[in-house]
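# Structure assessment
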Amino acid sequence: MTAAQVAELSESDDALMAQLAARDPKALRLLSDRHAAVPWRIACRMLGDPIEAEDVAQEAMLRLWQYADRWQAGGSGVAAWLTRVTTNLCLDRLRRKRFTGEGDAPERADDAPLADAEIEGGEVRDAVKHCIEALPDRQRAAIVLTYYEERQNQMAAEVLAMQLKAFESLLFRARASLLGCVERNGISAGDISKVTS
Amino acid sequence: MNQPIFPSTVEMALNSYKIGPLPDGFADRLLARLAAGNLPEVSEMAAAQLVTGKSRAVSSPWRRSGRILGSTALFGLVTAAAAASGILGDPVYVPMISEALGKTQITQPAKAEKPPEKIALPKKALPVAAPEEKAAVVTGKDAVKLNSVRSPLLNDAFWFVRK
């Protein structure tokens, strides 16, 4: 690793945001390498479509570029901001899909790298994916943020613009629905052992 | 130790839904999009998130509905209180509010309108007898006194009796 690369890696997010405000595309690349996985994961689980997920993740990163000049250093951080923006972008897309009826379109083939790698556990994974997609939008977001992204309830509540109590109630309903769906799909311990082995 | 959220088998199933790393060339495509000027529409929502740290500039539909309902209820309450306290003219009796205003003694409480009482009519209208005036026969000094105060008709009767 060269000295320049080490210096780049040690630069704080706030310093990179300052460079972004000065319209330096290199800073955007660095921030993308550091944080773009967050919007990608959230969008994949929220939308269930890798192509659309990439589009949303790029949109979130470009919004960071657009609003860099208003960035306040020492805040909740780039990852938290991207989590917030991506979740709301996904909710907006899901809402728009429902209004335009795009949600009824046939699903595109899942070309995520892991889908090919885990052929054995594909059924379990697909069943879980189906159960998550069957949840109402906000319940889905609650599960994605707290279970998969391991965010605190308070932070997830802020992302969804909810009071903490209301969010906890939403999360409780989401967990119950998800548990019911997974159990209804009859995912057995044997199926799971195939995935984990 | 925290209680697990899901049974272990379900948790394992959920954990099987993994997302792979970013697609290859993600950053290149991102920068190409930036170079092409293919930027998302300017939204004040994200700007507000960035500046204030608040999640959404536009409130949720539930919150909006709650606000509309709350405003309507508040407007109704204020109007009713104004009507009960007589700001809009004569005080109108509004249940509970008038009593509450009366207790606070800010204004004179409006009384509940009572239905008009029925006037009991007599079953048979009896003719009212006119009071009979008795001509008193007065003589002597008393007659002279009375003469000055009695009506002319009585005076005539008096003179008739004297004759």
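Note that the coordinates shown come from a computational prediction; the quantities given were computed from them, not determined experimentally.

## Brief notes about the overall build of chain A
Along the backbone of chain A there are 12 helices and 0 strands. Helices (α) and strands (β) of chain A occur, in sequence order from the N terminus, as α-α-α-α-α-α-α-α-α-α-α-α. Burial status across chain A gives 49% buried among its 197 residues. Considering only contacts in chain A between residues 6 or more positions apart, those separated by 24 or more positions represent 64%. If you sum the accessible surface of chain A, you get close to 9500 Å²; carbon and sulfur atoms cover 52% of it.

## Remarks on the overall build of chain B
Secondary structure summary: chain B contains 7 helices and 0 strands in total. Secondary structure elements of chain B, listed N to C terminal, follow the sequence α-α-α-α-α-α-α. Looking at chain B residue by residue over its 163 residues, the buried ones come to 24%. In chain B, 2% of the contacts between residues at least 6 apart in sequence involve partners at least 24 apart. Of the roughly 13200 Å² of accessible surface on chain B, a fraction of 62% belongs to carbon and sulfur atoms.

## A look at the environment of Ile97 of chain B
All names here are of chain B. Position of Ile97 relative to the elements: it lies in helix α5 (residues 97-104). Linking Ile97 and Ala84, residues 13 residues apart in sequence, is a C-alpha distance of 6.8 Å. Aside from chain neighbours lying at most four places away, what touches Ile97 is Leu77, Ala80, Ala81 and Ala84.

## Looking at the confidence of the model for chain B
Residues and elements named next belong to chain B. Within chain B, residue pLDDT values average 74, and 52% of them lie at 70 or more. For chain B, the element scoring lowest by mean pLDDT is helix α6 (residues 140-149), at 55; helix α2 (residues 26-35) scores highest, at 94. Interface scoring of the predicted complex returns ipTM 0.79; its pTM is 0.62.

## Examining α5 of chain B
For α5 of chain B, the set of buried residues is Ile97, Ser98 and Leu101 of chain B. Each buried residue of α5 of chain B sits inside an arc of 100° when the element is viewed along its axis, so together they form one side.

## Considerations on the packing of aromatic side chains
What characterises a pair of aromatic rings is the spacing of the ring centres plus the angle enclosed by the ring planes. Inspection of every chain in the model, using the stated rule, returns 3 aromatic pairs over all chains. Here the aromatic rings of Tyr147 of chain A and Tyr148 of chain A are separated by 5.1 Å at their centres, their planes lie at 85°, and the arrangement is edge-to-face. Exposure remark for Tyr147 of chain A: the relative accessible area of 16% places this residue in the buried category. Where Tyr147 of chain A meets Phe6 of chain B, the ring centres are 5.7 Å apart and the plane angle is 75°; that geometry is what we call edge-to-face. In this pair, Tyr147 of chain A sits in helix α9 (residues 137-148) while Phe6 of chain B sits in the segment before α1 (8-15), so the two residues belong to two different chains.

## Quick word on the interface of chain A and chain B
Contact residues are listed per partner, giving 57 residues for chain A and 44 residues for chain B. The largest contributions to the chain A side of the interface with chain B come from Leu62, Tyr67 and Tyr147 of chain A, which together make up 13% of the buried area. Across the chain A-chain B interface, the total number found is 13 residue pairs in polar contact (both at pLDDT 80 or more). Of the residues forming the side of chain A that touches chain B, the biggest block, 10 residues, is contributed by helix α5 (residues 50-66) of chain A. For the side of chain A that touches chain B, the residue count by class is 33 nonpolar, 7 polar and 17 charged.

## Describing the packing of helix α4 (residues 37-47) of chain A against helix α6 (residues 78-100) of chain A
Residue and element names in this part refer to chain A. Two elements in contact, α4 and α6, have axes whose closest approach is 9 Å; the angle formed by their N-to-C orientations is 25°. As the angle between them shows, α4 and α6 are arranged roughly parallel. Two packed elements cross with a definite hand, and for α4 against α6 that hand is right-handed. Contacts from Val38, Pro39, Ile42, Ala43, Met46 and Leu47 in α4 reach Ala79, Leu82, Thr83, Thr86, Thr87, Cys90, Leu91, Arg93, Leu94 and Lys97 in α6. A breakdown of the residues in the contact of α4 with α6 according to their chemical character gives 11 nonpolar, 3 polar and 2 charged.

## Things to note about unusual backbone geometry
Across the chain, the bulk of peptide bonds are trans and the bulk of non-glycine residues have phi less than zero. At Ala161 of chain A, a position not held by glycine, the phi torsion is positive, near 55°. Mapped onto the elements, Ala161 of chain A comes out in the loop between α10 (153-159) and α11 (164-184). Despite not being glycine, Met96 of chain B has its phi angle at roughly 70°, a positive value. Here Met96 of chain B falls in the exposed class, since its relative accessible area comes to 69%.

## Some thoughts on the pattern of salt bridges
Here the structure, examined in full by the defined rule, presents 13 salt bridges over all chains. Look at the salt bridges and you will find they share partners, linking Glu52, Asp55, Glu59, Arg63, Arg93 and Lys97 of chain A together with Arg33 of chain B into a network.

## Quick notes on the side chain of Glu59 of chain A
Here Glu59 of chain A lies in helix α5. Here Arg93 of chain A takes part through its side chain, which lies 3.2 Å from a polar atom of the side chain of Glu59 of chain A. Those residues in contact with Glu59 of chain A that lie beyond four places of it in its chain are Leu89 and Arg93 of chain A together with Arg33 and Pro40 of chain B.

The rules behind the values
- Every chain is numbered independently, its residues counted from 1 as its sequence is written.
- A letter from A marks each chain and a number from 1 marks each ligand, given out in the order of writing.
- In keeping with the predicted nature of the model, local features appear solely for residues at pLDDT of at least 70, side-chain atom pairs appear and are counted solely at 80 or more, and the whole-chain, interface and lining totals rest on all residues.
- To get the side-chain values, take all heavy atoms of the structure and skip hydrogens and water.
- Only DSSP runs of H or I with at least four residues qualify as helices, and only runs of E with at least two residues qualify as strands; both kinds are numbered from the N terminus onward.
- Classification of residues uses two cut-offs on accessible area relative to the type maximum, computed with a 1.4 Å probe and protein chains only: under 20% is buried, over 50% is exposed, and between them is partly exposed.
- Contacts: residue pairs with any heavy atoms within 4.5 Å of one another.
- Here, Shrake-Rupley sampling with a 1.4 Å probe gives the accessible areas, and only protein chains in the shown set may cover a residue.
- pLDDT runs from 0 to 100 and stands for how confident the predictor is about each residue.
- Within this analysis, the arc is defined by the directions that extend from the helix axis to the C-beta atoms.
- The criterion for an aromatic pair is that two Phe, Tyr or Trp rings (for Trp, the six-membered ring) have centres within 6.5 Å, with stacked assigned to planes under 30 degrees apart, edge-to-face to planes over 60 apart and tilted to the rest.
- Here the quantity called buried area is the accessible surface, traced with a 1.4 Å probe, that two parts lose on coming together, added over both.
- Counted as a polar contact is a pair of N or O atoms within 3.5 Å, where, for protein atoms, one must be capable of donating a hydrogen and the other of accepting one, and residues adjacent in sequence contribute only when both atoms are in side chains.
- The residue classification treats Ala, Val, Leu, Ile, Met, Phe, Trp, Tyr, Cys and Pro as nonpolar and Asp, Glu, Lys and Arg as charged. All others, Gly included, are polar.
- To get an axis, fit a line to the C-alpha atoms, keeping to the stretch in contact for a helix; angles then go from 0 to 180 degrees between the N-to-C directions.
- For classification, angles of less than 35 degrees are called roughly parallel, those exceeding 145 degrees roughly antiparallel, those between 65 and 115 degrees roughly perpendicular, and all remaining angles oblique.
- If you view the pair so one helix is near and one far, a crossing is left-handed when the near helix is turned anticlockwise from the far one by less than a right angle, and right-handed when it is turned clockwise.
- Within this document, salt bridges are pairs made up of a side-chain nitrogen of Lys or Arg and a carboxyl oxygen of Asp or Glu, the two lying within 4 Å of each other.

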